[in-house]
Structures are given as structure tokens and as C-alpha cells.
Amino acid sequence: MSKFHSNVSRRDFMKILGMSSVGIGGAALVAPVFHDLDEMMSSTSAIQKRPWYVKERPLMNPTVEIDWGMMNRFDRRNNAQVAHSQAVYYGRDRVLAMAAKGAAVVENLKKTQGKNYSLRFQALGNGLTPGSSASQAWEGLATPKKGITPAETGLPKWNGTPEENSKVLTAALRYFGSALNGYAELDNTWRTKLVLTYTRGSISGTNYIDSPWPPPDTASKPTVFENVDRGYATSNKQVIPNKNMWVIHVDTIESQSIIKLGQPQEWQANDSQLTRHVGLEPSMINFLKALGDYQVLDSYNHGGSTLNWGATAVLTGTGEQSRQDGYTLTPEFACNHNPGTSYTDFPLAPTNPIDAGMWKFCASCGKCAITCPSGSISSDKQPSWEIPPVNGKEDVSHNKGVKAFWSNMFTCRIWSAENTTMHGCGICHGECMFAQDSAAMVHTVIKSTIPTIGIFNSFFAKMGEQFGYGNFADSESWWDMSLPVYGIDTARVAYTSRKPF
């Protein structure tokens, strides 16, 4: 049993957390109501269940090979979304002109109601009202709820074991909207290899293309470790405590049907679930604050995050590495998911990497590379330790130490900016062989065959092409489809059933 004071009822404690029928408002109408923490921990959603064919691997040993001796902390100021980096490889003039070129293309498509720009789709995009993460600061919420810590409510602090804590947090995160969750201990390997040296900060766009390099720390903050109890941020740094800390990885779900519309609707799939995604972190922050004033650091904003979300997904077992290199594949949702990471001092039990056969399948498939309009995705037969040069120069936008298929994220970014939007064309997401629905039994059979009988991978890849898997040829047919709420199938992570409370 958890180390919880017996003089306070767990049901009363749940009321303080906002997880019982008291205080959650309309959420009680559509979500399970947990009456106490024991009930939450024993619920089917409290354990990260996966399909039967998904195997666990040892910690820090995913299906993609990693050379920890080769790897160092990465500097996100070098990634392909930064204009200065783009100009290093493809020239200042093209970078400055690409946004204007893309805007003209999009404007013409809007006026002519070209593919994916019919009035209906323009209205769909304009109708989206994503939430805002502006209140999310490095060290928690800028305007947190008042009076919810145990010290303020007169309740004892929750002190469960790491295993109990993981069950509680997983159940809460599923309740708040995260489909897949993974955890890691922030040990020396994470601190010296995986935490980024710098975030991208405010240096995206063209505002630093002509400025002295590197930019000041006030524009792109370094991440440092200090002997403090609680993390904090200043105008020129973000601080992680030198104490026992853990990593939380979450994944909310994107609309698969919208992604399969292809360019430029992929960004709408991201935005359509931002309301759920950015609302997830404040909910988790308040939850852990009410459990024991546990701290939550970092941001779900990609440019401000201090971890590479693909790396955390692979190492915490929510997904596997992909050929595309920029996204990870999960057994349940393929690449149709939106990740985020945080640091916490809430003790958690690490989750293991997985092997669902997807990384091996990518070596035999390559459809994303074939259909990529900019030719940015590697078509190599096997992954490599060597990162190919970009336009004759060393590619510093990737971190060494991974045996991967290396994408040219600069040509991806530039092509998207010149032809659709700065958000990316999204064609590879919809073309992925794993990004299919589960209505046909054959899909489940194939997914369960891939990890165990890899000799059929090439055959399955060719078969998928014959069946026309990929983006919709007629995007306007989307309006006539029978689609699930929000365009997502949440039942994919529910592997067992349970009578209602």
C-alpha cells in the first residue's frame, strides 16, 4: 500500500485533486469518475497496455542503435527551423525569399479554391480555435491554481512508491487526454547526452539570419544544472536541479483522416488537437502540485523544449524510430501523435523501449522517401552511423551517435515554405504504411506479423502500394466520411474492458 496517512480519506484527497465527481464539471459526463486513488491505480487505464505482439527491450537499448560514446548534448540553435542554419547551406537570398514565394502560392490556391483549398477546407482551418500555452512557464504555470498544495489544504503529501506513482500518473494523464505515456530517470546519461544545451527560443524565422552568431542567451536560453531544490528560469538560462529528477513523455492523438488529406492540411491536424494538448500540461502541473507540491519543468512548445521528443519517445517506449527521422512510430497511432516532455521530482518507475517491428519494417518499405516531394527522406537500404553532408557541408542539425536513416530537414523546410506553409507539407505522414485505420482485420494481422516474421516486410510494403494506401486521392471525399469524434480512435489504447463504476 502507498505511504498515505490513514486519518485522511482518499476520497477527500481526490476532491482536492479535482479527480472525483466534485469539481470537474462537464468532464464527468464523458470520462470515468475515480472515487479514490486506489480505484484510479487499479483501473485499466492506469497500466500502459500495448498490443500483445509489442515486446519490451532493456532500458536505454531501443531498436535503433545508439552509440552513447559518440553522442553529446545537442544545440537546438542548429536545427533546420532556424534561418541562420538554412542560410549556411542554401544561401541567405533563398531563405529570405522562400516565405514570400510560399505565401504567393497559397494565396493563389485560396483564390482559385485549388486542391485542399476549397471554401469548405478554408472555413475548417479558420474555425479551429487552439488553446494557448502562453501561461506555461519553465517552472510551471505562470498563474497556478491557489490553495491546492497539501500544505495549503491540510492533507498529507502523497508518498507512493515509484511504481505506484507511475500508475497514478498514467491514469491521470489518460484522463487529461494523453493516449501514450512513458517515463525515465534523469540519470547521468540523460543529463550529459540527451538534455539540449540550448533551446531554439526566439531565433526561428529570419530575425537572426544577419545577426552575429551565436545569438545572445536572452534570445535562445542555455539549459544548465545547479545545486538547487527547485528549477527556475531567468532571462538568460533555464535551470534543472542537481537532484533526483524524472522525465515524463506524453502523446496526444492527431486526426488521421485530416493528415491523409496531404498538404497543406497536415498543420490543421496539429492545430485541431492543440486545445487538448496544451491543456494537458497545466492539468498535469496542478495534479502533481496537489499531490505533494511536486515540480514540473519545461514546456510543450517545440522550440522551447529542452529535450528531443523523438529521442524521449524511443527511450521511454511510447514509439520506435522511423525512416522519416523527424517523427516516431507508435503501434497504436503510427506517426499521428503529438508528443511533449517535462521534468519532475515526482519519483517514477522508468518504462522500457519497445520492439513492434516498425523500425525494421522501415528498412524494407521506404514509401515516405518515394513520395517525399522534396526528396528529403533517405532512400538508403540500411541505416548508417554517418550523417550525410548537406549541400557539401557538414550537417550539424542532427546529433551524432544514432544509427539512423538521415533526412535533410533543410530541404524539407525550404520546400514546404516555398510551396505550402512553414509548418511542413505533411505528405509523408499520410503516406506511411502504418497510418491506416484498424477497420479491416488484415491490418491487425499484418502488424502482429511484422515483429515476428520480418521476411514478409517487403511483400507487405508492396501490397500496401497495390491497395492504394496513403493520402486521399480526392480530398473532398472527406466531407462524406463517417468519422470518430475529433477524428481520433481512442479505443486503440483500450485493450481490456471494464464495467462502469
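Cut-off values and rules
Residues numbered from 1 in each chain as written. Predicted model: local features only at pLDDT ≥ 70, side-chain atom pairs only at ≥ 80, totals over all residues. Heavy atoms only, no water. UniProt positions renumbered as here; feature names shortened; annotations may be inferred. Core = buried A, V, L, I, M, F, W, Y, C linked by side-chain atoms within 4.5 Å. Buried < 20%, exposed > 50% of the residue type's maximum accessible area, 1.4 Å probe, protein only. Helix = DSSP H or I, 4+ residues; strand = E, 2+ residues; numbered from the N terminus. Contact = heavy atoms within 4.5 Å. pLDDT = per-residue confidence, 0-100. Polar contact = N/O pair within 3.5 Å; in protein donor to acceptor, adjacent residues only side chain to side chain. Disulfide = S-S within 2.5 Å. Pairing = 2+ DSSP bridges. Lys, Arg positive; Asp, Glu negative; His and termini not counted. Salt bridge = Lys/Arg side-chain N within 4 Å of Asp/Glu carboxyl O.

Under an unreviewed UniProt entry, the chain has the name Reductive dehalogenase and belongs to Dehalogenimonas etheniformans. Recorded in UniProt for the chain, the comment headed Subcellular location (unreviewed entry) runs: "Cell membrane".

A. Here's a closer look at the nonpolar core. Core analysis: the biggest nonpolar cluster contains 23 residues, and Leu-169, Ile-248 and Leu-288 have the highest contact counts within it. Of all elements in the fold, only α8 (162-176), β8 (246-253) and α12 (274-292) reach the threshold of two or more residues within this core. Sequence-distant contacts of Ile-248, defined by excluding residues within four places in its chain, comprise Leu-169, Leu-173, Gly-182, Tyr-183, Met-284, Leu-288, Gly-340, Thr-341, Ser-342, Thr-344 and Leu-348. In this structure, Val-64, Val-314, Tyr-343 and Phe-405 belong to the second largest nonpolar core, which totals 22 residues.

B. Up close: the confidence of the model for the chain. Summing up the model confidence of the chain, the mean pLDDT is 82 and the portion of residues at 70 or higher is 77%. Note that residues 1-8 has pLDDT below 50 and, in this model, 17 contacts with residues that lie over four places away or in other chains. pLDDT under 50 marks residues 20-32. Its contacts with residues more than four places away, or in other chains, come to 14 contacts.

C. Geometry of the environment of Asn-242. Position of Asn-242 relative to the elements: it lies in the loop between β7 (237-241) and β8. Residue Asn-242 is classed as partly exposed on the basis of its relative accessible area of 39%. In this structure, the C-alpha to C-alpha distance between Asn-242 and Arg-191, residues 51 residues apart in sequence, is 9.7 Å. Sequence-distant contacts of Asn-242, defined by excluding residues within four places in its chain, comprise Arg-191, Phe-225, Glu-226, Asn-227 and Val-228. Of note is the side chain of Asn-242, whose polar atom sits 3.4 Å from the side chain of Arg-191.

D. Just the state of the cysteines, in detail. Taken as a whole and assessed by the stated rule, the structure comprises zero disulfides. Sulfur of Cys-362: no disulfide; nearest cysteine sulfur belongs to Cys-368 and is 6.5 Å away. A residue is classified by how much of its surface remains accessible, and Cys-362, at 9% relative accessible area, is buried.

E. Quick peek at the pairing of strand β4 (residues 180-185). Burial analysis of β4 places five of its six residues in the buried class, the great majority of the element. Here β4 pairs with β8 via six bridges, running antiparallel. Bridging across to β8, Glu-185 finds its partner in Trp-246.

F. Quick look at helix α16 (residues 409-419). Buried residues dominate α16, accounting for eight of its eleven residues. Turning to α16, its buried residues are Phe-410, Thr-411, Arg-413, Ile-414, Trp-415, Ser-416, Ala-417 and Glu-418. The inward-facing, buried residues of α16 abut α4 (83-90) and α5 (92-112). Of the residues that open α16, the one with a side-chain oxygen 3.0 Å from the backbone nitrogen of Phe-410 is Asn-408.

G. Geometry of the side chain of Lys-260. Here Lys-260 is to be found in the loop between α10 (256-259) and α11 (266-272). No salt bridge is formed by the buried Lys-260, whose closest oppositely charged neighbour, Glu-431, lies at an N-O distance of 6.9 Å. Dropping the residues within four chain positions of it, Lys-260 is found in contact with Gly-430, Ala-435, Gln-436, Gly-470, Asn-471 and Phe-472.

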